[in-house]
Amino acid sequence: MNTLNPRRQAVLAIVVQEHIATAQPIGSKMVVEEYGLKVSPATIRNEMKALEEQGFLTHPHTSAGRVPTEEGYRYFVQHLLPDQPLTLDDQFTIQHLFHQVGRETEQWAQLAAAVLAHASQMGALATPLRSDRCRFKHIELVEVRHGLALLVLVLHQGIVRQQMLSLDFRVSQEELSQLSNQLNDLLAGQTAGEIEARGLALSEFGQQVVAMIQSVMAREDNPGNEPIYREGLAHILTQPEFLLAEDAQQLVSVLEQPPLLGSIFENVRQRDGVQILIGGDGRYEPLRSLSLVLSRYGIPDGASGVLGIVGPVRMQYGRTIPLVRYVSQMLSALVEQWYGA
């Protein structure tokens, strides 16, 4: 990474901030006039030229002002962007929304995507909690009506799944509760493979329930089945970068590629804190026109999900980074509160 002297840092910060706000190339005269710099436009032009030679700025055509390159955005985010917390009003609003939902972690992921999209006016992505190898914690069987029961499966570290059971015979709630208690004793702390290997001696109905538990747990162990909640696509499509039909089509195609997003999310899960992917960072060519601000949430060394904001490289990072950080911290606290024991 090239180092910049204070003046070039100031010029780069101004160009990035003004381009984010206007989506227009930024000229030296505007930099001097808008920011009251005590130097001439010619001096700023020279600094802009130097920044362009170092790879931080470019210009769309010969007579235009400058715009940041991906490298310029990265330098700005890493070195020049003030680390500001989310406003108290935003924090209160987000807390209020999340405390209205129950203990269902999938609802948290759906709400996280909706909240991030609305607050940022960008796109948002979120995945539910998932563990690399889930373990049984608790089950409840609830009679819904004749021939139908609800299986509520709680896995270690905050994963809750529900499944309907069709029955060919009448089972009372007392019998369902007895089987729930029996399975809670027999299966505590076990993986899907360990449950299968035990070969439990149970009634036909008990075997049916255990088979469903194994099926649900096997799906959880498969990262390819991870749902991704998406919100705010319409916000992104209003940005100048995606006004052309082919650019909009490319954006939609990228967001509908589970293998690509799954690979990115797996990398995000390996580290704590907000992670920023600008223009694909040279690793993901389909993302060259996008930035992703992502974070892991969940229990340390346990079940986790990923959430974040997606938009053009010309993104309001000063807004999106604290938003993603706060929502991920709040979800992690909720997971610890409800399922950390």
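Everything in this summary refers to the structure shown in the same document. As the structure is a computational prediction, the values presented were derived from the model and not from experiment.

Conventions adopted
- Residues numbered from 1 in each chain as written.
- Predicted model: local features only at pLDDT ≥ 70, side-chain atom pairs only at ≥ 80, totals over all residues.
- Heavy atoms only, no water.
- Helix = DSSP H or I, 4+ residues; strand = E, 2+ residues; numbered from the N terminus.
- Rg over C-alpha atoms; globule rule 2.2 N^0.38 Å.
- Buried < 20%, exposed > 50% of the residue type's maximum accessible area, 1.4 Å probe, protein only.
- Contact = heavy atoms within 4.5 Å.
- Areas by Shrake-Rupley, 256 points an atom, 1.4 Å probe, with all protein chains shown as cover.
- Core = buried A, V, L, I, M, F, W, Y, C linked by side-chain atoms within 4.5 Å.
- Pairing = 2+ DSSP bridges.
- Axes fitted to C-alpha atoms, helices over the stretch in contact; angles between N-to-C directions.
- Salt bridge = Lys/Arg side-chain N within 4 Å of Asp/Glu carboxyl O.

**Some details on the overall build of the protein chain**
A count of helices and strands for the protein chain gives 13 helices and ten strands. Compactness check: the protein chain gives a C-alpha radius of gyration of 25 Å against a globular reference of 20 Å for 341 residues, more than 25% above the reference. Here the C-alpha coordinates of the protein chain stretch approximately 85 × 40 × 35 Å along the principal axes. Burial statistics for the protein chain: of 341 residues in total, 48% are counted as buried. Look at the contacts in the protein chain between residues 6 or more apart in sequence, and 62% of them connect residues 24 or more apart. Of the roughly 16,600 Å² of accessible surface on the protein chain, a fraction of 49% belongs to carbon and sulfur atoms.

**Some remarks on the nonpolar core**
If you look at the biggest cluster of nonpolar residues, it comprises 84 residues, and the most contacted ones within it are Phe98, Val209, Ile213 and Tyr317. The dominant element in this core, judged by the number of residues it contributes, is helix H13 (residues 317–339), at ten residues. Those residues in contact with Phe98, other than ones at most four positions away along the chain, are Trp108, Leu111, Ala112, Val115, Val327, Met330, Leu331 and Leu334. By size, the runner-up hydrophobic cluster in this structure holds 20 residues, among which are Leu125, Leu260, Leu287 and Leu290.

**Comments concerning the sheet that holds strand S4 (residues 136–145)**
Spatially, S4-S5-S6 is the arrangement adopted by the three strands of the open sheet, whose pairing is antiparallel. The outermost strands of the open sheet, each flanked by one partner alone, are S4 and strand S6 (159–166). On average, each strand axis in the sheet is tilted by 20° relative to the strand beside it, whichever way the strands run. By the bridge criterion, eight bridges tie S4 to strand S5 (residues 148–155) in an arrangement that is antiparallel. Residue pairing for S5: Glu140 is matched across the bridge by Val152.

**Overview of the sheet that holds strand S8 (residues 274–278)**
In space, the five strands of this open sheet follow the order S7-S3-S10-S9-S8, with antiparallel pairing throughout. Unpaired on one side and paired on the other, strand S7 (229–231) and S8 mark the two borders of the sheet. Neighbouring strand axes in the sheet, compared pairwise and without regard to direction, differ in orientation by 15° on average.

**Remarks on the pairing of strand S10 (residues 304–312)**
For S10, a buried count of nine out of nine residues is recorded, marking the element as mostly surrounded by other parts of the structure. Here strand S3 (residues 123–126) pairs with S10 via four bridges, running antiparallel. Paired with Gly123 across the strands is Val310, a residue of S10. Direction of pairing for strand S9 (residues 290–298) relative to S10: antiparallel, over a ladder of nine bridges. Looking at the pairing, Tyr297 lines up with Gly305 of S10. Linking two consecutive strands that pair antiparallel, namely S9 and S10, is a turn of five residues; a positive phi of about 60° is found at Asp301 within it.

**Section: the pattern of salt bridges**
For the coordinates displayed, the defined rule picks out 18 salt bridges. Residue Arg74 is joined to Glu71 by a salt bridge in which the shortest nitrogen-to-oxygen separation is 3.2 Å. One end of the pair is Arg74 and the other is Glu71, both in helix H4 (residues 70–80) and three residues apart, which spans about a single turn. In this structure Arg74 comes out as buried when scored by relative accessible area, which is 15%. Taken together, the shared-partner salt bridges in this structure form one network comprising Glu70, Glu71, Arg74, Asp281 and Arg283.

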